[in-house]
Amino acid sequence: MRHPERAFFKGLGAAAPNKVLSNHDIEKLVDTSDEWIRTRTGIERRHVADDDSNTLTLATEAGRKALLDAGVEPEEVDMIILGTLTPYIGFPATACLVQNALGARNAAAVDINAACSGFVYGLHLAQGLIRSGANRNVLLIGAETMSRIVNWKDRNTCVLFGDAAGAALLAPGSGREDSAGVLGTYIRSDGVQPEMLCRIAGGTRPVATEEENYLQMSGKDVFKRAVTAMGDAAELILRQTGFSGEDVTLLIPHQANMRIIEATARRVNIPMEKVLVNIQEYGNTSAATIPVAMAEAKASGRMRSGDLVLMVAFGAGMTWGAALARM
Ligand code: COA
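Residues numbered from 1 in each chain as written. Predicted model: local features only at pLDDT ≥ 70, side-chain atom pairs only at ≥ 80, totals over all residues. Heavy atoms only, no water.

A. Inspection of the overall build of the protein at higher detail. A count of helices and strands for the protein gives 10 helices and 13 strands. Computed over its C-alpha atoms, the radius of gyration of the protein comes to 18 Å, within 12% of the 20 Å expected for a compact globule of 327 residues. Seen along its three principal axes, the alpha-carbon backbone of the protein occupies a region of about 60 × 45 × 40 Å. Considering the protein as a whole, with its 327 residues, one finds that 54% of them fall into the buried category. Look at the contacts in the protein between residues 6 or more apart in sequence, and 77% of them connect residues 24 or more apart. Surface exposure of the protein reaches about 13900 Å², of which carbon and sulfur atoms provide 49%. The protein carries 33 positive and 37 negative side-chain charges, and their two centres are separated by 4 Å. (Helix = DSSP H or I, 4+ residues; strand = E, 2+ residues; numbered from the N terminus. Rg over C-alpha atoms; globule rule 2.2 N^0.38 Å. Buried < 20%, exposed > 50% of the residue type's maximum accessible area, 1.4 Å probe, protein only. Contact = heavy atoms within 4.5 Å. Areas by Shrake-Rupley, 256 points an atom, 1.4 Å probe, with all protein chains shown as cover. Lys, Arg positive; Asp, Glu negative; His and termini not counted. Charge placed at Lys NZ, Arg CZ, Asp CG, Glu CD.)

B. Main features of the site of the ligand. Taken together, 24 residues form the shell around the ligand, and within it T32, R40, R155, K220 and N257 come nearest. The backbone of R155 places a nitrogen or oxygen atom 2.9 Å from a nitrogen atom of the ligand. Note that an oxygen atom of the ligand is positioned 3.2 Å from one of the side-chain N or O atoms of R259. In isolation the ligand has 960 Å² of accessible area, and contact with the protein removes 75% of it. Breaking the shell around the ligand down by element, the ones donating at least two residues are α2 (34-41), α6 (155-158), α7 (219-241), α8 (258-267) and β12 (308-315). No other element matches α7, which puts 4 residues into the shell around the ligand. Looking at the shell around the ligand residue by residue, the classes come out as 11 nonpolar, 8 polar and 5 charged. (Near = heavy atom within 4 Å. Polar contact = N/O pair within 3.5 Å; in protein donor to acceptor, adjacent residues only side chain to side chain. Nonpolar A, V, L, I, M, F, W, Y, C, P; charged D, E, K, R; others polar.)

C. Looking closely at the sheet that holds strand β8 (residues 181-189). Strand order in the open sheet made by the 4 strands is β8-β13-β12-β11, with mixed pairing throughout. Whereas interior strands pair on both sides, the edge strands pair on one side only; in this sheet they are β8 and β11 (250-253). Sheet twist, expressed as the mean angle between neighbouring strand axes with direction ignored, is 10 degrees. As paired strands, β12 and strand β13 (residues 319-326) are joined by 8 bridges and run antiparallel to one another. Bridge pairing in β13 links V309 to A325. (Pairing = 2+ DSSP bridges. Axes fitted to C-alpha atoms, helices over the stretch in contact; angles between N-to-C directions.)

D. Highlighting α7. Taking 1.5 Å of rise per residue, the 23 residues of α7 would be expected to cover 33 Å, and the 33 Å separating its terminal C-alpha atoms lies within 8% of that figure. The complete set of buried residues in α7 reads V222, A226, A229, M230, G231, A233, A234, L236, I237 and L238. Just downstream of α7, G242 is the residue with a positive phi angle, here 80 degrees. (Expected span 1.5 Å × (residues − 1).)

E. Region of the structure containing unusual backbone geometry. A cis amide bond links F91 with the next residue in sequence, P92, at an omega value of 5 degrees. Relative to the elements of secondary structure, P92 occurs in the loop between β4 (79-83) and α4 (94-102). A cis amide bond, omega -10 degrees, links G317 with the succeeding residue M318. Tracing the backbone shows M318 in the loop between β12 and β13. Phi at N269 takes a positive value of approximately 55 degrees, unusual for a residue other than glycine. Position of N269 relative to the elements: it lies in the loop between α8 and α9 (279-282).

F. Up close: the pattern of salt bridges. Under the definition given, this model contains 11 salt bridges. Across the salt bridge formed by K65 and E61, the nearest N and O atoms sit 3.0 Å from each other. Separated by 4 residues within a single helix, K65 and E61 lie in helix α3 (residues 55-70), roughly one turn from each other. Exposure remark for E61: the relative accessible area of 35% places this residue in the partly exposed category. (Salt bridge = Lys/Arg side-chain N within 4 Å of Asp/Glu carboxyl O.)

G. Structural view of empty space enclosed by the protein. Enumeration according to the criterion identifies 1 cavity of 30 Å³ or more in this entry. If you add up the space inside the largest cavity, you get close to 30 Å³. Residues of the lining of the largest cavity, tallied by class, amount to 3 nonpolar, 5 polar and no charged. (1 Å grid on protein atoms, 1.4 Å probe; cavity = no way out; pocket = protein on both sides within 12 Å on 5 of 7 lines; lining within 4 Å. Points joined across faces, edges and corners; volume = space filled by probe spheres on them.)

H. Representation of the sheet that holds strand β5 (residues 108-112) in the model. The strand order β1-β7-β6-β4-β5 describes an open sheet built from 5 strands, whose pairing is mixed. The two strands at the open ends of the sheet, each matched to only one other strand, are β1 (7-15) and β5. If you compare each strand with its neighbour and ignore which way they point, the axes differ by 20 degrees on average. Bridge count between β4 and β5: 5 bridges; the pairing is parallel. The residue bridging L82 from the neighbouring strand is D111, located in β5.

Shown next, in the form of structure tokens:
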């Protein structure tokens, strides 16, 4: 029997608002310093939406670029999965609005909210849909406008986040070699302490305090959980697929904090030269971090056909996961 085909990364695209806020710009808003932000997080600047950009425009631009890169027409897309915790409107799903903007009239479209793990969760779903034969061309997008939900008076959180979108067109097989495509995915969640990282407003529960309108985070606790969970997930997916850290060409981790990235790389013996880091330019763009980094790596020649790429993420929920793919 023919082995079911894996999801293969056929095209990638990314988008970010033109407006940039440097650490020095943020020094004018809250009691912080460029030195503190750089040394504690690795972030130097972040892109933030202006009046002309939002989760919908960014997702559409990234999606269009991924289709172009893949050589796939919008009409050929049969599923759009959009990972976001900052949808354009309450409902309908931003994915449906992206579908309309792209002219992907033969697709089904749905949003998923797995916070910063949205892209890895979406990859798990896309792999299942493609392997089962249910879908052929899956457009997976991670898009966020975090600047609209952070409290710009809270130095503990506002320095950390940014806005962007990244997209991947996934399709069966590579046409190149049998070993290409998504080799494995692993996702988990733990909803025991949702308050560790949350935003109460935006749903149907009444908002009781001013703070509940914004993203709230217990940074130290999230940090510890992220280090453990990302290391565990990276180790597990390598073991499951029969590879080791030495086999990996590129580690593309979620970009939340440089120290979390370094700890994850150490856990699986991957030297920092093989780790993709763009946190200095974008900060934490939640579901968009991994596809933005992938699109940039492909465009610059840092990620090439045949490369073994390990993706690892952690986010609110808590949610976390990892994926291993041959490009
Ligand atoms: N500028 C200056 N000082 C700041 C600051 C800022 N932007 N933010 C916090 N501080 C202060 C704190 O108030 C604290 O001061 P205190 O000791 O007087 O109370 C001090 O810096 C140390 O805070 P601490 O929380 O110990 O710092 P940290 O080393 O844990 O770093 C984070 C804080 C938020 C950068 C870090 O915990 C982190 O990255 N957490 C995970 C974030 C994350 O990944 N979120 C998304 C998950 S997907």
